[in-house]
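# Inside the fold
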Amino acid sequence: MSRGTPRVSTRARKVAAAAAVGGTALAAAGVLGVLRRTGRLRAGRAVAAPGRVREGRELAAPGRRTGRLRVERGIAALGLAARGGARYASSAPRLFAAAGEQREQLRNDLALQTAEDVTATLGTMKGVLMKLGQMASYVNDGLSPAARRTLSRLQDSVPPMSPALAAQVVTEELGLPPERAFATWDPEPIAAASIGQVHRAITHDGRAVAVKVQYPGIAETIEADLGNAALLRRMLKISVPSQDVDGLLAELRERVTEELDYRKEARNQQMFADYYRGHPTIVVPEIIGELSTRRVVTSELAEGARFAELAGWSQAERDLAAETIYRFVFRSLYEAHAFNGDPHPGNYLFHGGGRVTFLDFGLVKYFTAEEMRPLAAMVKHLCLDNDPEAFRRSMEEAGFLVKDAPLPTETIVEHMAVFYDTVRVRGPVTMTGDYASAVTRRFFDFHSPLAAYAAIPRSYVILQRINLGLFALLGDLSATADWRRIAEEIWPFFQGPPSTPMGEAEATWKSGRRLPSPA
Amino acid sequence: MSAGPYADAAGLVERSAAAYAAAVPDRPEDDGYFGPASVTWRVSGDLSAPVAGLRSLLMQALHPLAMAGVDQHSDWRRDPVGRLAATSAYTATVTYGDRAGADRAAQRVRAIHERVRGVDGVTGLPYAAGDPALLLWVHAALVDSALAAVDLFGTPIGEADADRYVAEMAVAATLLGVPQDMVPATVAALGRYITDTRPELRCTPAAAESMSYLLDPPGLDEEIADLWQDIRDAAVAALPGWAREMYGYPAPPTLTPLTAARRTEIRQTLGVLDAVFLAEPGVLEARQRLTVRMRG
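Residues numbered from 1 in each chain as written. Chains lettered and ligands numbered in written order. Predicted model: local features only at pLDDT ≥ 70, side-chain atom pairs only at ≥ 80, totals over all residues. Heavy atoms only, no water.

## Side note on the overall build of chain A
Within chain A, the regular secondary structure consists of 23 helices and 12 strands. Expressed as a percentage of its 519 residues, the buried residues of chain A come to 63%. For chain A, the share of sequence-separated contacts (at least 6 apart) that also reach a separation of at least 24 residues comes to 79%. On chain A, roughly 18400 Å² of surface is accessible, and the fraction owed to carbon and sulfur atoms is 54%. (Helix = DSSP H or I, 4+ residues; strand = E, 2+ residues; numbered from the N terminus. Buried < 20%, exposed > 50% of the residue type's maximum accessible area, 1.4 Å probe, protein only. Contact = heavy atoms within 4.5 Å. Areas by Shrake-Rupley, 256 points an atom, 1.4 Å probe, with all protein chains shown as cover.)

Structural data, given as structure tokens:
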């Protein structure tokens, strides 16, 4: 699961927190029927989620006055404004050196030396299982303990490529050996990455870059193994007793196949980089197109604090970081109709003042307007219009709920509301681990009356990560914000005024930028 | 004849894995009887090893006296999984252990064999587990099965290395007391030996019973049981036709003929099984110890 960066917090990924803005509730609906309850969820916390949230609300005020919060944020925002959209101030050699200092410990004594070594290590389903393990983190809680152990152990079992093998791939892809394709090339990888590894380099025009190099032959191997649908179905059925294993399988297969072609990732990342260029707090490293191919992707090298280091930062800083991540996810979803499906702690670098660098765009899902409409409608009907019947119809339209299920609408709303709790009313709310647990418990409640009538349509499968990944981060940060007001800024059916200093800075950015056309 | 019921096979993977992990030494005194450059290490570490193991048991059981020794003396019925794990542990120790470790393990087995004597109820013949003739059959079945499994479902090793493998493995037989000059040292000699021994082979009730247990062991985890069906089919398909006929097994229809696609599917199943094995405590580390030594 270490995608280019050390794994930081397992717990953060496992414990889901509050779903806030549309789309997330779908997860609730579908997974109910899909995933088997496991022993993972801590038992004995019977406190209902809504109660928790209200408690959180009350706690937020005495702990940190909203007024003071605004002031601190105001100061931070001044800093932002002063820096404007300035990118990395540091020089390339310094970034290069810093990346070396943060080098991951890799087992070089086990390094894969030939393409045959790669096949022996990752062929015959192992690469596929590993990818499924990474991507199926949203079905993690449905996996048997043995399956979970197997998948996580597989990730430990993959050694890096030898410097010579990595150089061979770069040579095949770029037409030049790495020490000529780049002005400076570090032959030792700085990190393991998804089906590859990351090297640091400096380009001939003096930019410090991260070069992700794919294991040779891995794409062919994984594609061949993905063809064994019978075996995959058998395995998934065992681990995830589901009404719709085929749908899940098809979606996973599509995502895995996409991720094998780094050009796709480069396009995704460049799209996000273009979209957020000049943004006051969101930083997406630029892709170096001429040094990116199917098996090599080169992007600006970024430096910053890791998620784990945030534990030592002030709560105000953590709140700002959380706000940026929140804005990034929902602005991307509602405006660019794009969702980066891998929101795990290793994919962020933190710079203070709310500035966050977003890494790794290997798993981006684009939604059509038709797919987005019911998601937005669900939020609108539940949180804005307070119209339960319309909410139910939107759920049905999206395919989360079968039509004419013999359930009273109030039961459905009662069940689903917890996922929208942070955005149903205005006011500061603290994301907590307890609330996260409550949401997760609800999420996996198979005894729920909804379970028999709920499903996750294939194209929305990936969105479950909002529940099971992203919001876990916010819970881990104990982040406080008026999520509802931030959501209002972003909701296409609301378009509220800036509600925080960051919102104001964002509004300035928005008014000044030239919008690239959405995907 | 003891005819008690068989205990179930729960823990088959876990206990085999533990045996394997413990048998791969941390700091060996020497490279043992084979070593990192040997064909034996390559064949033993091949993905096809589970098929080889199961086929080998199917072959070994066809010798009535070998089967009687197991059936009448060992814990086979009471603790089949423990018995299989002990065999895995022994094989792995001889393969990967240093010489002193392999010698000690062989000494222990020879001591046990001393006590295993009796009369086979089917043939009426007396037997002794230390009898070189029986030990040689057990050895030959294992070597032949490893070659068949690698060839059909593994990474084929070529004729020269197959001969080397047979020659390298001879020491495993001598460690248990088979005189060196009895042990086949080429693929051709191995084939001749097996052909010559065929008249002594038959499927006794004990063999039929044991093997139908092994082909469909009760009590496996659902995950493993599912994979095991493919392993079983592969092992049965890898048997010589005459051995399959003795058991009365039909050739698995999905594997006749063995198409490239079906071979790939079996390999994929083996890969999943291997991933499960790898996740057991200590197995990855044991593999890594071996890999480091093989990279030299």
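## Observations regarding the sheet that holds strand β9 (residues 355-358) of chain A
Residue and element names in this part refer to chain A. Taken together, 3 strands build an open sheet; the order of strands is β5-β9-β8 and the sheet is mixed. Of all strands in the sheet, those with a lone pairing partner are β5 (282-283) and β8 (348-352), marking the two edges. Relative to β9, β5 runs parallel, the two sharing 2 bridges. Opposite Ile282, over in β9, you have Val356 as the bridge partner. (Pairing = 2+ DSSP bridges.)

## Quick look at the interface of chain A and chain B
At the junction of the two partners, chain A supplies 25 residues and chain B supplies 24 residues. Across the interface of chain A and chain B, roughly 2100 Å² is buried in total on both sides, 55% from carbon and sulfur atoms. Our count for the contact surface shared by chain A and chain B stands at 3 salt bridges. The closest approach of N and O atoms between Lys126 of chain A and Asp274 of chain B, which form a salt bridge, is 2.9 Å. Joining chain A to chain B, the criterion identifies 8 residue pairs in polar contact (both at pLDDT 80 or more). For the side of chain A that touches chain B, the secondary structure elements donating two or more residues are α7 (126-135), α8 (145-156), α11 (218-226) and α12 (229-239) of chain A. Looking at the side of chain A that touches chain B element by element, the count peaks at 5 residues for α8 of chain A. Of the residues contributing to the side of chain A that touches chain B, the split by class is 10 nonpolar, 6 polar and 9 charged. (Buried area = accessible area lost by both parts, 1.4 Å probe. Salt bridge = Lys/Arg side-chain N within 4 Å of Asp/Glu carboxyl O. Polar contact = N/O pair within 3.5 Å; in protein donor to acceptor, adjacent residues only side chain to side chain. Nonpolar A, V, L, I, M, F, W, Y, C, P; charged D, E, K, R; others polar.)

## A short note on the pairing of strand β4 (residues 208-214) of chain A
Residue and element names in this part refer to chain A. Counting buried residues along β4, 7 of its 7 residues qualify, which places the element largely inside the surrounding structure. Judged by which residues are buried, β4 turns out to be covered on both faces: Ala208, Ala210, Lys212 and Gln214 on one side and Val209, Val211 and Val213 on the other are all buried. Taken together, the 7 bridges between strand β3 (residues 196-202) and β4 define a ladder with antiparallel strand orientation. Looking across to β4, one finds that Val198 is bridged to Lys212.

## Some points on the nonpolar core
Inside soluble globular proteins, nonpolar side chains tend to come together where they are buried. Core analysis: the largest hydrophobic core is formed by 134 residues, its most contacted members being Phe182 of chain A together with Leu58 of chain B. Looking at this core, the element that brings in the most residues is helix α7 (residues 132-153) of chain B, giving 11 residues. The residues contacting Phe182 of chain A, other than those within four sequence positions of it, are Leu174, Ala201, Ile202, Thr203, His204, Val209, Val211, Leu291 and Thr298 of chain A. Counting 69 residues, the second largest nonpolar core, distinct from the first, contains Ile282, Leu333, Val356 and Leu463 of chain A. (Core = buried A, V, L, I, M, F, W, Y, C linked by side-chain atoms within 4.5 Å.)

## Considering unusual backbone geometry
A cis geometry characterises the amide bond from Thr256 of chain B onward to Pro257 of chain B, with omega recorded as -5 degrees. Turning to its location among the elements, Pro257 of chain B is positioned in the loop between α12 (241-247) and α13 (260-278). For Asn386 of chain A, which is not a glycine, the phi torsion comes out positive at approximately 50 degrees. You can see Asn386 of chain A is positioned in the loop between α16 (369-384) and α17 (388-398). Owing to a relative accessible area of 57%, Asn386 of chain A belongs among the exposed residues under this scheme.

## Considerations on the packing of α16 of chain A against α17 of chain A
Residue and element names in this part refer to chain A. In the contact formed by α16 and α17, the axes pass within 8 Å of each other and the chain directions differ by 165 degrees. In terms of orientation, α16 and α17 fall into the roughly antiparallel class. You can see that α16 and α17 cross each other, and the crossing is left-handed. Along the contact surface, α16 presents Arg373, Pro374, Ala377, Met378, His381 and Leu382, while α17 presents Ala390, Phe391, Ser394, Met395, Glu397 and Ala398. The residue inventory of the contact of α16 with α17, partitioned by class, reads 8 nonpolar, 2 polar and 2 charged. (Axes fitted to C-alpha atoms, helices over the stretch in contact; angles between N-to-C directions. Parallel < 35°, antiparallel > 145°, perpendicular 65-115°, else oblique. Left-handed = near helix turned anticlockwise from the far one by under 90°.)

## Side note on the packing of helix α5 (residues 80-96) of chain B against helix α6 (residues 99-115) of chain B
Residues and elements named next belong to chain B. Between α5 and α6, the shortest axis-to-axis distance is 8 Å and the interhelical angle comes to 145 degrees. The two elements α5 and α6 meet at a crossing, and its hand is left-handed. From α5, Tyr90, Thr93 and Val94 reach across to α6, where they touch Gly101, Ala102, Ala105, Ala106 and Val109. By residue class, the composition of the contact of α5 with α6 is 6 nonpolar, 2 polar and no charged.

## A word on the pattern of salt bridges
All names here are of chain A. Following the criterion strictly, the structure yields 42 salt bridges over all chains and no others. For the salt bridge of Asp186 with Arg103, the shortest nitrogen-to-oxygen distance reads 2.7 Å. In this pair, Asp186 sits in the loop between β1 (184-185) and β2 (191-193) while Arg103 sits in the loop between α5 (92-101) and α6 (115-122), placing the two residues 83 residues apart along the sequence. Between Asp385 and Lys380 there is a salt bridge, and its shortest N-O distance comes to 3.1 Å.

## Regarding the side chain of Thr40 of chain B
With respect to the secondary-structure elements, Thr40 of chain B resides in helix α2 (residues 39-44). Given a relative accessible area of 0%, Thr40 of chain B falls into the buried group.

## Focus on the packing of aromatic side chains
Scanning the entire structure with this criterion turns up 23 aromatic pairs over all chains. On the numbers, 4.7 Å between centres and 20 degrees between planes, the contact of Tyr6 of chain B with Tyr213 of chain B is stacked. Here Tyr213 of chain B lies in helix α10 (residues 205-215) and Tyr6 of chain B lies in the segment before α1 (12-23), a separation of 207 residues in the sequence. Relative accessible area serves as the criterion here: at 18%, Tyr6 of chain B is assigned to the buried category. Pairing Trp41 of chain B with Tyr96 of chain B gives two aromatic rings, centres 5.1 Å apart and planes at 65 degrees, and the pair type is edge-to-face. Remark: Tyr96 of chain B occurs in helix α5 and Trp41 of chain B occurs in helix α2; sequence separation between them is 55 residues. Of the residues examined, Tyr96 of chain B reaches a relative accessible area of 5% and is grouped as buried. Aromatic rings pair up to connect Phe272, Tyr275, Tyr276, Phe307, Phe328, Tyr348, Phe350, Phe358, Phe361 and Trp509 of chain A into one cluster. (Phe/Tyr/Trp six-rings, centres within 6.5 Å; stacked < 30°, edge-to-face > 60°.)

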